[in-house]
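Structural characterization, general
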Amino acid sequence: MLIFPKHNTAPFKTYKSKDVSGATTDNVEIFPIVPGFSYIISVKELTVNGALSNPTFINYTHPHTKPSAAPSNIHASTKRITSLTISWDALNVFTKNGDVKGYKVYYRGPGLKGTKSATVLGEANHEFTVTGLRPNSTYQFILQVVNDVGPGPYSGFIPISTLPSATTSTPLPTTTPTAIPKTTTTSTTTKTATKPTKTTTTTTIPKSTSSTTSESTTQRTTRFERQKNPSSQIIITTTLPRLTHTPITTLTFCGSDPSGIKVTTKSAKSIHVAWDTTNINCGYTITGYKVYFNSLSPIKTFKNKDVSGAATDNVEIFPIVPAFFYHIFVMALTANGRSPNPTSINYTHPHTKPTAPPSNIHASKKGFTSLTISWDALNVFTKNGDVKGYKIYYRGPGLAGTKSANVIGEANCQYTIAGLRPNSTYQFILQAINDVGPGKYSGFIPISTLPLR
């Protein structure tokens with residue numbers, strides 16, 4: 001029997017193994033392998049006395065392929081009357097399959113000739129602003145990721161609408177012109193038609209109420225010519241008010257971007273971000289803020305949260321992953337777009353105990369009086385710190401109570417127990433231990449030794 005541990009070193013660590021039966025077997029297929037991952041692969045020979053130590057190994061990087069997924073959470077982070085800022089989430093390490101070079105944005109809608117496209121360079125750039133759009137109109141967006149091999153699959157169509165215009169004209173009343181019948185006078189000797197008459201109808205639309213000064217009016221005249229008698233006319237005169245718009249009340253500040261960023265730990269998975277709003281954007285009207293919290297290690301993720309209101313100076317961010325290193329900054333949103341050159345802060349979320357136990361607990365080798373137990377390590381989202389090792393608890397026939405053993409090192413995912421009884425079932429429980437303390441217990445895993453032949 002041969003065992004194949006696969007130790008992945010980049011972009012983050014996983015620990016897997018595969019059992020192979022037969023002393024003469026000299027190959028095996030390993031599945032699944034992730035494109036773009038770098039692996040350390042070793043082979044251990046198994047004997048009745050256990051696995052041989054000090055195996056040889058080889059480093060292997062699986063070839064890059066095109067991304068296997070499209071950007072997710074595509075939405076409008078900022079909406080204007082004639083522009084839209086589109087945001088999205090990046091691909092995770094299991095789907096980007098290589099080095100992401102950027103994104104391709106396709107869009108179409110009213111006022112555009114065909115489908116337009118734009119290229120956004122850089123994996124960390126998750127926004128694109130489209131201008132020159134029509135108010136109160138819906139546009140369709142499709143995105144795809146491009147890595148060092150090529151473009152990935154398209155996302156579905158995402159409909160996003162611009163804001164309606166601030167002023168909306170009152171429609172004219174619908175009036176249908178009617179012909180004016182001729183009036184004739186008849187005598188015994190002659191028949192004379194009177195001159196065509198002219199009728200004027202005036203319709204006045206009430207003035208719209210406004211918090212500003214009284215309205216001045218404009219006049220609109222529409223003429224309808226009679227086909228049979230051009231000299232007969234109907235003149236409809238409509239008096240329209242000049243509509244005014246009361247601006248939305250917001251605050252205006254002078255200076256630079258939000259400063260004085262402070263981060264406070266709220267819980268194991270949330271933080272509180274605050275900033276100073278006293279000196280921001282001279283001459284621009286603040287409509288809100290966008291808070292970016294990009295994790296830089298152990299893996300890269302790019303997230304942001306919109307905050308409404310010019311006077312708002314704090315927000316709670318959730319979820320935050322323990323032991324992740326974040327780059328946090330705040331940008332003011334104005335009627336003219338986002339403010340440039342934000343200040344930023346680096347933040348590492350405190351370590352906590354592991355939130356999950358080891359998984360895939362099984363016997364990688366069974367003997368008459370021994371068992372080799374293997375398991376999968378915790379992933380980066382559950383280990384919550386630096387894993388120091390594992391604790392194994394086991395009990396069963398011939399043992400006085402529950403026994404335990406410590407396995408040192410995150411990469412050591414095997415442990416052999418000897419002195420057991422043949423054809424007997426033993427119960428195993430495991431937990432991971434990091435620099436804060438022990439995590440959750442696994443469930444009981446029953447594993448049996450081999451029967452005597």
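Residues numbered from 1 in each chain as written. Predicted model: local features only at pLDDT ≥ 70, side-chain atom pairs only at ≥ 80, totals over all residues. Heavy atoms only, no water.

As summarised here, the arrangement of the three strands in space is 30-31-34, forming an open sheet in which the pairing is antiparallel. Every interior strand has two partners, whereas the edge strands, strand 30 (359-366) and strand 34 (414-417), have only one. Shown here is a sheet whose adjacent strand axes are inclined to one another by a mean of 25°, direction ignored. Direction of pairing for strand 30 relative to strand 31 (residues 371-376): antiparallel, over a ladder of five bridges. Bridging across to strand 31, His-362 finds its partner in Ser-374. (Pairing = 2+ DSSP bridges. Helix = DSSP H or I, 4+ residues; strand = E, 2+ residues; numbered from the N terminus. Axes fitted to C-alpha atoms, helices over the stretch in contact; angles between N-to-C directions.)

For the rest of this paragraph, the subject is the confidence of the model for the protein. Per-chain confidence: the protein averages 78 in pLDDT, with 73% of residues scoring 70 or above. Low confidence marks residues 1-8, where pLDDT is under 50. Its contacts with residues over four positions away, or in another chain, come to 54 contacts. Scored below 50 in pLDDT, residues 168-255 makes 121 contacts in the model with residues more than four places away or belonging to other chains. (pLDDT = per-residue confidence, 0-100. Contact = heavy atoms within 4.5 Å.)

Inspection of the entire model under this criterion finds five salt bridges. Ionic pairing is found between Glu-410 and Lys-383, a salt bridge with its closest N-O pair at 3.1 Å. Placement of the pair is Glu-410 in the loop between strand 33 (403-408) and strand 34 and Lys-383 in the loop between strand 31 and strand 32 (387-395), with a sequence separation of 27 residues. As far as burial versus exposure is concerned, Glu-410 and Lys-383 are alike and both buried. Through salt bridges that share partners, Glu-127, Lys-290 and Asp-306 make up one connected network. (Salt bridge = Lys/Arg side-chain N within 4 Å of Asp/Glu carboxyl O. Buried < 20%, exposed > 50% of the residue type's maximum accessible area, 1.4 Å probe, protein only.)

Turning our eyes to something else, we now look at the sheet that holds strand 33. With antiparallel pairing, four strands are arranged side by side in an open sheet as 33-32-35-36. Each edge of the sheet is formed by a strand with only one pairing partner; in this case those strands are strand 33 and strand 36 (445-448). Strand-to-strand, the axes of this sheet are offset by a mean angle of 30°, without reference to chain direction. In this sheet, strand 35 (residues 425-434) lies alongside strand 32 in antiparallel orientation, the contact comprising eight bridges. Pairing of Tyr-390 across the sheet is with Ala-432, part of strand 35.

Let us now look at the side chain of Ser-374. Position of Ser-374 relative to the elements: it lies in strand 31. There is a polar contact of 2.7 Å between the side chain of Ser-374 and the side chain of Ser-364. Look past the residues within four positions of Ser-374 in its chain and what remains in contact with it is Asn-360, Ile-361, His-362, Ser-364, Cys-413 and Gln-414. (Polar contact = N/O pair within 3.5 Å; in protein donor to acceptor, adjacent residues only side chain to side chain.)

Tracing the chain through its elements places Ser-370 in the loop between strand 30 and strand 31. Under the relative-accessibility criterion, Ser-370 is labelled buried at 14%. The contact partners of Ser-370, leaving out residues within four places of it in the chain, are Ile-417, Ala-418, Leu-420 and Thr-449.

A word on the nonpolar core. Among the nonpolar cores identified, the biggest contains 27 residues, and Ile-271, Val-273, Trp-275, Val-291, Ile-317, Tyr-326 and Ile-328 are the most heavily contacted of them. Mapped by element, the contributors of at least two residues to this core are strand 22 (259-267), strand 23 (270-276), strand 24 (284-297), strand 26 (314-317) and strand 27 (325-334). Ile-328 has contacts with Ile-261, Val-263, Ile-271, Val-273, Val-291, Tyr-292, Phe-293, Thr-343, Ser-344, Ile-345 and Tyr-347, leaving out every residue within four places of it along the chain. Core analysis: the next-biggest nonpolar cluster, separate from the first, contains 20 residues, Ile-373, Val-387, Ile-392 and Tyr-426 among them. (Core = buried A, V, L, I, M, F, W, Y, C linked by side-chain atoms within 4.5 Å.)

We now examine the pairing of strand 23. Pairing of strand 22 with strand 23 involves six bridges; the strand directions are antiparallel. Note on strand 23: the bridge partner recorded for Val-263 is Val-273. The turn linking strand 22 back onto strand 23 is made up of two residues. Sheet topology note: the strand 23/strand 26 ladder contains four bridges and is antiparallel.

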